[in-house]
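Examination of the molecular architecture
Below, each chain spelled out in residue letters.
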Amino acid sequence: MGGVMEIQETMRGAVLLGPEQIEIREVPISQPGPGEILISIEAATTCGTDVKVYRRGGHPRMLKVPTLFGHEMTGRVAAIGGGVTVFSTGDAVVVANSAPCGVCGPCGAGRENLCEDLQYINGAYAEFLLVPERFVQRNTHLIPEGLSFEKAALTEPLGCVIHGINTCDLSRYGKPGEAEILIFGAGPIGLLFVAALAAKGHRVLLADPNPNRLAVGKQLGAAEAFEITRGGGQAETVRARTLDGKGAAVAIDASGVPQVWLDAIACLRPGGTVNLFGGCAPGTTIPLDTYLLHYSELTIKGAYHHRPETIKAALGLLADPGFKAELLLSGEQPIEGVEEALKSMMSKESLKVVIKKSLGSN
Ligand SMILES: [Zn+2]
Ligand SMILES: [Zn+2]
């Protein structure tokens, strides 16, 4: 590649119109203005959030219909606007799906995921994406040599997972491997937790109702992976799987089911930390055992989204050939197959599907 690419004027894109309504449309391509870049999307990956958005027909924070959607994407810089110096035409990049303002209180405190003016970008299931200036400056990254577009598309979810791990303060529990970390849920997020923690030498236990997903967890480095019944109420069974039966030092929920949040809390040993990572439906509450919380000195954490630093760390981890995150990529579909891909995730046939403008490219 190189030189000036001839840019077409319209492109195909998957437009979300409402609940379970997607149409493939020919839409205009915006040319990059000052500070902006246009990327030709090489690979996008479907995400549990997209499934939610598809079912509900929107998302209060991230998008309003009708809109192009999809938010895990990689591509090549196809055109650059005036004043852009850090990227050149042909560069392979990953664009994170949000960009912090850099000046508010949370941004100043290094908590950009809580930015008071966090901007989101959507439109991965299309041929091109116009990247606004703030994203170009703060959250667009070159893909390291040797890392495929498909695998690099996992940067966003892994960036969230690395942020989630950072919030657990694992150094409180000794050297990696000394404490047990329990993960509830073997969907893509739970499995990325397994892979990222196992890569650092932690002993990880994984609980989920789906044996196929548990098998992937084993391949990604889980010390133990065991079946539980759907819907919660599994604390006794799960606690019994820890080495001394006293529970785990750290438990992470990657299910987003309130009953499972309770199980995760109930599986902690004294002094333990729970990270309630899986977002539950709005308006959901859980009852807390105040006696347990107080006398066992439990730490209860929430974690949301990612920071530019954790996005960079994710890209670095994905570039390691020993980090087998490609096991999460269940198949490929063209843009026209987005709906089919999301349905295959709903039925749990797929973990994640790679969406490409045309199959057989790259
Ligand atoms: Zn995602
Ligand atoms: Zn901010």
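To keep things clear, this report deals only with the structure shown in the data block. For every chain, the first residue of the written sequence is number 1, and numbering continues from 1 onward in sequence order. Chains and ligands are labelled by the order in which they are written, letters from A for the one and numbers from 1 for the other. The model is predicted, so local features are restricted to residues of pLDDT at least 70 and side-chain atom pairs to those at 80 or more, both for listing and for counting; the totals for chains, interfaces and linings are taken over all residues. Note: side-chain values were computed over all heavy atoms of the structure, leaving out hydrogens and water.

**Brief notes about the coordination of the zinc ion (ligand 1)**
This is how the line gets drawn: Excluding water, the donors of a metal are its N, O and S neighbours within 2.8 Å, or within 3.2 Å for Na, K and Ca, and that exclusion means sites may look incomplete. Irregular is the label for any site that misses the other tests, which are tetrahedral for four donors with all angles between 85 and 135 degrees, and square planar for four donors or octahedral for six when opposite donors exceed 155 degrees and the remaining angles lie between 65 and 115. Under the scheme used here, helices are H or I runs from DSSP no shorter than 4 residues and strands are E runs no shorter than 2 residues, and both carry numbers assigned from the N terminus. Relative accessible area decides the class of each residue, using a 1.4 Å probe on protein chains only: under 20% of the type maximum gives buried, over 50% gives exposed, and in between gives partly exposed.
Note on the zinc ion (ligand 1): its protein donors are Cys 47 (SG), His 71 (NE2), Glu 72 (OE) and Glu 156 (OE). The metal-donor distances range over 2.2 to 2.5 Å. Considering all four donor atoms around the zinc ion (ligand 1), the spread of angles at the metal, 88 to 165 degrees, places the coordination shape in the irregular class. Mapped onto the sequence, the residues coordinating the zinc ion (ligand 1) show the spacing C-x23-H-E-x83-E. Within this pair, whereas Glu 72 is found in the loop between β4 (67-68) and β5 (73-80), its partner Glu 156 is found in helix α5 (residues 155-167), the two being separated by 84 residues in sequence. Per residue, the accessibility class of Glu 72 equals that of Glu 156, and both read buried.

**Thoughts on helix α1 (residues 48-56)**
Every α-helix winds through 3.6 residues per turn, so residues three or four apart in the chain are directed the same way. The condition is simple: Think of the arc as the fan of directions from the helix axis to the C-beta atoms. Here a residue-residue contact requires only that any non-hydrogen atoms of the pair lie within 4.5 Å.
Residues of α1 that are buried include every one of Asp 50, Val 51, Val 53 and Tyr 54, and no others. For α1, the buried positions fall inside an angular range of 165 degrees around the axis, keeping them on one side. Looking at the buried positions of α1, the neighbouring elements they touch are β1 (10-18), β2 (21-28), β3 (37-45) and α12 (338-346). After α1 finishes, the residue Gly 57 shows a positive phi value of roughly 75 degrees.

**Some thoughts on the coordination of the zinc ion (ligand 2)**
Tetrahedral metal sites with four donors have an ideal angle of 109.5 degrees; octahedral sites with six donors have ideal angles of 90 or 180 degrees. Donor atoms from the polypeptide that coordinate the zinc ion (ligand 2) comprise Cys 101 (SG), Cys 104 (SG), Cys 107 (SG) and Cys 115 (SG), at 2.3 to 2.4 Å from the metal. Seen from the zinc ion (ligand 2), its four donor atoms lie at angles of 104 to 118 degrees, and the figure they make is tetrahedral. Here the donor residues of the zinc ion (ligand 2) share one chain and are spaced in sequence as C-x2-C-x2-C-x7-C. Across the pair, Cys 104 and Cys 101 agree in class, each one buried.

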